[in-house]
Amino acid sequence: MNSPDEDQILDAISRWLERDVRPQVKELEHADRYPESMVATMKEFGLFGATIPREYGGLGLPAGTYSKIVTRISEVWMSLTGIFNSHLIMASAVTRFGTEAQKEAFLPRFASGELRGGLALTEPDCGTDLQAIRTRAVRDGDDYVINGTKTWISNGIHGSCFALLVKTDLEAEPRHRGMSLFLAEKGPGFTVSRKLEKIGYKGIDSAELIFDNYRVPASSLIGEAEGRGFHHALGGLELGRINVAARGVGVANAALKDSVRYAQLRKTFGKPICEHQAIQLKLGEMATRCEAARLLVENAARIYDAGERCDMEAGMAKYFASEAALENSTEAMRIHGAYGYSTELDVERYYRDAPLMCIGEGTNEMQRIIIARQLVARNPA
Amino acid sequence: MKALVSIKRVVDYNVKVRVKSDGTGVETANVKMSMNPFDEIAVEEALRLREAGTVTEVVAVSCGPLACQETLRTALALGADRAILVQTDEELQPLAVSKLLKAVADKEAPQIFIVGKQAIDDDSNQTGQMLAALTGWSQATFASKLKIADGKAEVTREVDGGLATIRISLPAIITTDLRLNEPRYVTLPNIMKAKKKPLDTLTPEALGVDVKPRLKTLKVVEPSKRKAGAKVADAAALVDKLRNEAKVI
């Protein structure tokens, strides 16, 4: 059940999606064009401050409401959520671990969308294994000098500020004690080397970022203490996984909705295909996946909002919902037959978008390991 | 100058309406409700007048059950300054609503009262006109353009033959047509702000208005299902059918 507030918020979002987004998705997506005017509306809607506390100019929404917004938008165009998802995780790192001065300096600008960006964690040689990063920051007076390369950075081209994970101590044992997280605004020494081409998740820029003697003031080190970066980065991943899970629910829902409609219109052997058992079995499974995925996301969000550890629940939601999106998009294509394979309908987009959620924000292989480890830790023999 | 706008809570325009099994009306339980689209246009117009400096305060009024508060919150989130709910669980017919709105108008003394031309549920298209009769104010219905200057309103109206532009004195009742404007979106920050805006509640009794229904609905039925079509061999066969079966040419 949604609260009246949530209903009003989701209603406002839906109106925008139906009036301005849905009619444009196909063109922008196929051209892989950045949705400038939609981003302007998203700013007005306050989405760049959705989870930022109200005292810093955000909406202060709980993860529960926020994930419903993400799902709703993903039902129409999943890519759009990428423009503010990682941005808000960067903001949550500042909210949770930043100094008061950092919160005042950055959060209001994040909330208004004046300063947008995301996370810069992944490197060409490592993603899931973050402790293996090689980007280095060396203290030099009041500054740090950073050298290294980051890749697959969402909003890398259109964003201007990133939570940048670096090594500040190469010798530290365990390795994560030598990692730190900076707020890096674009400037001399910070360049975007190229836009990365992808099979889906179009419209949003994923880029490679190069740091070549890039100087950042020591005051931009989140929490102004070295060695906590790994902890800060992981802290944001719970919300990140709830995000990705919510996207999965959206794509799974969209695939189901299109399929239910098409199965009633398309006829074979004298009746609509929804009356054939072969299709009914598919629809039954797809709908159950949607419902189960949604409930897992709601559960993880509820625990997150209660301030409790939710890596296991967020992992379950992320794993299940992303697989649901993948399976539903595949089944939607089978139900639609040749039309599903055609680029005229939206099904092919779901099919290209869904794998992103299985891979991004910690692979699904990793999620199952996290779940198992937590399971053992919470149930000692 | 103060502007009043009236708001009706109706079944959302995206909902496929179903008739109740006993034929007394349409199903509204567990159905998505929202602001009557013509009223949204009314709110938008009032907000534009305020942004242009013509109007200083926009007050949204709704008549109906407690749940209308939600719809009024939407008007506040769109930008209305405050809201008034005339709360009653009685079924309200257009004349009763007009009387209630007149009573509110007497209290608030607006210079302009903008009303949706009709509600998408009963399509009565009566409230604005009756309100004008009860208040004795000038009226301009089916407005597609509105200009206010020198204590007069210049209104372009959509009429059968085209567009008619009239000038009327204030205070006035304006009813909105579809092309008057395109309403803005409710944004999330404004939903939050709307919670702090004043929403007063009145009752028909306190306003001294008798709202008892005077019209009786005998029966509500679904529109008849569309019959299956037929294919004809050629244009001549079509003309023949149109002339002899359908008798339309």
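Rules of the game
- Residues numbered from 1 in each chain as written.
- Chains lettered and ligands numbered in written order.
- Predicted model: local features only at pLDDT ≥ 70, side-chain atom pairs only at ≥ 80, totals over all residues.
- Heavy atoms only, no water.
- Helix = DSSP H or I, 4+ residues; strand = E, 2+ residues; numbered from the N terminus.
- Buried < 20%, exposed > 50% of the residue type's maximum accessible area, 1.4 Å probe, protein only.
- Pairing = 2+ DSSP bridges.
- Contact = heavy atoms within 4.5 Å.
- Core = buried A, V, L, I, M, F, W, Y, C linked by side-chain atoms within 4.5 Å.
- Domains from an automatic or database assignment.
- Buried area = accessible area lost by both parts, 1.4 Å probe.
- Axes fitted to C-alpha atoms, helices over the stretch in contact; angles between N-to-C directions.
- Salt bridge = Lys/Arg side-chain N within 4 Å of Asp/Glu carboxyl O.
- Polar contact = N/O pair within 3.5 Å; in protein donor to acceptor, adjacent residues only side chain to side chain.

Caption draft 1: Molecular detail of unusual backbone geometry. Following Glu173 of chain A, the chain continues into Pro174 of chain A via a peptide bond in cis, with omega recorded as -10 degrees. The residue Pro174 of chain A is located in the loop between strand E4 (161-167) and strand E5 (179-185) in this model. Across the junction of Leu170 of chain B and Pro171 of chain B, the peptide omega takes the value -5 degrees, indicating a cis bond. Counting through the fold element by element, Pro171 of chain B comes out in the loop between strand E9 (162-169) and strand E10 (172-176). Even without being glycine, Asp32 of chain A reaches a positive phi, approximately 55 degrees. Examined against the element boundaries, Asp32 of chain A turns out to sit in the loop between helix H1 (4-31) and helix H2 (36-44). Take Asp32 of chain A: its relative accessible area is 14%, and that puts it in the buried class.

Caption draft 2: Fine view of the pairing of strand E2 (residues 136-140) of chain A. All names here are of chain A. Examined bridge by bridge, E2 and strand E3 (residues 143-154) share five bridges and lie antiparallel to one another. Considered in E3, the bridge of Val138 is made with Val145. Counted along the chain from E2 to the antiparallel partner E3, the turn is two residues long, and its residue Gly141 has a positive phi close to 65 degrees.

Caption draft 3: A look at the side chain of Thr41 of chain A. One can find Thr41 of chain A in helix H2. Beyond its immediate chain neighbours, meaning those up to four positions away, Thr41 of chain A contacts Trp16 of chain A together with Tyr185 of chain B.

Caption draft 4: Structural detail: the nonpolar core. By size, the foremost hydrophobic cluster in this structure holds 140 residues, and its most contacted members are Trp16 and Phe110 of chain A together with Leu146 and Leu188 of chain B. Sort the elements by how many residues they give to this core and helix H3 (residues 63-97) of chain A lands first, with 18 residues. Each residue touching Phe110 of chain A, except ones within four places of it in the same chain, is listed here: Phe48, Ile52, His87, Met90, Ala91, Val94, Leu115, Cys161 and Leu183 of chain A.

Caption draft 5: Expanded view of the domain arrangement of chain A. All names here are of chain A. What the domain assignment lists for chain A is domain 1 (4-112), domain 2 (117-228) and domain 3 (231-378). Placing a centre on the C-alpha atoms of domain 1 and another on those of domain 2 gives a separation of 23 Å. On the side of domain 2, 25 residues touch domain 1, which itself brings 24 residues to the contact. When domain 1 packs against domain 2, the two sides together hide about 1,900 Å² of surface, and 59% of this comes from carbon and sulfur.

Caption draft 6: A look at the sheet that holds strand E4 (residues 57-64) of chain B. Residues and elements named next belong to chain B. Across the sheet, which stays open at both edges, the nine strands sit in the order E9-E8-E7-E10-E6-E1-E4-E5-E11 with mixed pairing between neighbours. On the outer flanks of this sheet lie E9 and strand E11 (199-202), each paired with one strand and no other. On average, each strand axis in the sheet is inclined to that of its neighbour by 30 degrees, with strand direction left out of account. In this structure, E4 lies alongside strand E5 (residues 82-87), joined through six bridges in parallel fashion. Residue Val59 lies in a different strand from E5, and its bridge partner there is Arg82.

Caption draft 7: Geometry of the interface of chain A and chain B. The partner chain B presents 17 residues to the 19 residues of chain A that form the contact. Taken together, both faces of the contact between chain A and chain B bury some 1,600 Å²; the carbon and sulfur share is 57%. On the chain A side of the contact with chain B, Gln8, Arg15 and Arg19 of chain A bury the most area, a combined 39% of that side's loss. Across the chain A-chain B interface, the total number found is four salt bridges. One salt bridge in this structure joins Lys195 of chain B and Asp5 of chain A, with 2.5 Å as the shortest N-O distance. Linking chain A to chain B there are eight residue pairs in polar contact (both at pLDDT 80 or more).

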